[in-house]
Amino acid sequence: MSVHILGGSQTDFAVNWQRAGLGFDALFSRVVDDSLRAAQVDAADIGVIHVGNAFGQLFTGQGQLGGMPATVRPQFWGVPATRHEAACASGSMAVLAAMADLESGRYDCALVIGAELEKTVPGGQAARFMGAAAWAGHEALGTDLVWPSMFAAIAEEYDRRYGLDPAHLRAISALNIGNARSNPAAQTRDWKYAPDSFDADDEANPPVAGVLRRQDCSQMTDGAAAVVLVSERFLQQRNTIRPAGRSVIAGWGHRTAALSLDAKLAYSADDPYVFPHLHHTVRDALDRARLPDIDAVDAVEVHDCFSMSEYVALDHLGITAPGESWKAIEAGEIARDGRLPVNPGGGLIGIGHPVGATGVRMLLDAHRQVTGQAGDIQVPDARRVATVNIGGSVTTVASFVVAAVD
């Protein structure tokens with residue numbers, strides 16, 4: 001049973017909702033209305049709702065976000081809704097749950113919402129809150145910068161196994177920030193940078209943790225993204241629906257490893273891949289889409305919470321051999337006009353990273369690419385786009401292949 005994407009929407013990730021005096025109710029209201037309009041369905045068509053959110057209680061004190069859609073739209077009273085949490089992969093978990101509902105025949109039309117408000121507290125407190133996605137009390141002790149420290153440790157492991165030049169990480173950041181300039185919903189689209197902002201300059205690009213510098217890190221972001229997913233039966237029953245374009249989720253993968261980063265690195269000590277379950281997740285998605293390798297897709301949305309996480313994704317996708325991601329970077333293969341464009345809209349570093357929304361935003365951008373609706377960030381003639389969304393220190397991994405429908 002195929003699952004189709006009818007459309008969706010993303011809020012402007014540059015908006016600080018706290019500063020505007022707005023909360024989750026306004027955020028949900030905006031993205032729901034825009035998504036239903038884009039998909040050309042009514043609220044009454046929605047049979048089930050799945051919400052991706054990682055840190056609602058910590059940043060706002062608000063849990064039970066499965067109840068927020070009905071709070072802002074009375075038409076959703078009585079519609080089953082559930083919140084899903086898997087750190088930065090929360091949105092993808094909501095998508096997978098919605099797919100299972102549709103594939104089982106339980107429901108035929110699902111609304112998937114990913115949402116996060118992160119600018120409700122000072123940056124240091126926000127970083128501490130996000131540390132809850134690590135193994136609390138067991139790792140990254142003695143620092144508030146849990147995630148920069150963790151991905152700096154991954155960079156150290158890459159350097160130990162293969163060698164790593166931090167200049168390649170800075171090149172990833174520069175590329176994604178550059179791509180975001182053309183994205184009207186990107187958080188950094190109008191940000192100003194000094195000439196040395198992507199160099200090893202301690203003033204223009206100060207160190208954060210290990211080899212990671214300021215521009216190697218995605219920023220705190222408020223925002224939401226949503227998509228409407230439907231079954232084939234829904235399309236057959238509602239053959240009058242003619243959205244701007246629809247796509248199909250042709251393949252998916254989902255795997256989970258232990259919370260501890262040290263445990264994951266020890267597990268892969270004799271494996272060519274640092275995170276073999278990440279490689280297998282992508283391979284699962286490609287196999288289900290009946291594609292031979294990653295070169296069979298036209299673009300990829302990868303999880304660059306840090307430049308190092310994109311560096312990891314490149315070789316685990318199979319764009320290069322293990323440990324050789326630098327080759328694709330130096331050759332310009334991942335640029336928007338390269339062999340395989342990666343993050344053509346700017347990725348998490350450029351677009352922003354409202355944690356619970358990221359997996360849904362990736363799926364939405366993939367849909368827009370294959371339906372020719374990506375505007376200034378469009379990859380010409382894109383027909384298939386893959387996504388890679390990770391939670392924690394590559395603890396939870398999800399991958400999708402989105403394909404155009406002729």
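Shown above is the structure to which this text applies.
Heads up: these notes are all about the structure in this document. (Residues numbered from 1 in each chain as written. Predicted model: local features only at pLDDT ≥ 70, side-chain atom pairs only at ≥ 80, totals over all residues. Heavy atoms only, no water.)

Below, the discussion takes up the pairing of strand β10 (residues 384-391). Within a regular beta strand, the side chains point alternately toward one face of the sheet and then the other, so they alternate between its two faces. In terms of burial, β10 is largely enclosed, as seven of its eight residues are buried. Where strand β9 (residues 299-301) meets β10, three bridges bridge the pair, whose relative direction is parallel. Looking at β10, one finds that V300 is bridged to A386. Looking at chain direction, β10 and strand β11 (residues 396-404) are connected through eight bridges and run antiparallel. Note that in β11 the partner of T387 across the bridge is F400. (Buried < 20%, exposed > 50% of the residue type's maximum accessible area, 1.4 Å probe, protein only. Helix = DSSP H or I, 4+ residues; strand = E, 2+ residues; numbered from the N terminus. Pairing = 2+ DSSP bridges.)

Once that is clear, we can look at the environment of P74. Turning to its location among the elements, P74 is positioned in the loop between α3 (68-72) and β3 (81-84). Assessed through its relative accessible area of 58%, P74 is described here as exposed. For the pair formed by P74 and A43, sequence separation is 31 residues and the distance between their alpha carbons is 9.4 Å.

Grouped burial of nonpolar side chains is what soluble globular proteins tend to show. Of all hydrophobic cores here, the largest spans 62 residues; its most connected members are W147, F275, I294 and M308. With residues up to four places along the chain from it excluded, the contact list for F275 reads I154, L261, K264, L265, V312, H316, S393 and V394. (Core = buried A, V, L, I, M, F, W, Y, C linked by side-chain atoms within 4.5 Å. Contact = heavy atoms within 4.5 Å.)

Applying the stated rule across the entire model yields 18 salt bridges. The partner of D45 in a salt bridge is R238, and the shortest N-O contact between them spans 2.5 Å. One end of the pair, D45, is in the loop between α1 (24-39) and β2 (48-52); the other, R238, is in the loop between α8 (232-237) and β8 (247-256), with 193 residues separating them in the sequence. Since its relative accessible area comes to 18%, D45 is described here as buried. Measuring nitrogen to oxygen at the nearest pair gives 3.0 Å for the salt bridge that ties R339 to D295. Highlighted residues: R339 in the loop between α12 (325-330) and α13 (347-351) and D295 in the loop between α10 (276-288) and β9, separated in sequence by 44 residues. Look at R339 and you get partly exposed, because its relative accessible area is 39%. (Salt bridge = Lys/Arg side-chain N within 4 Å of Asp/Glu carboxyl O.)

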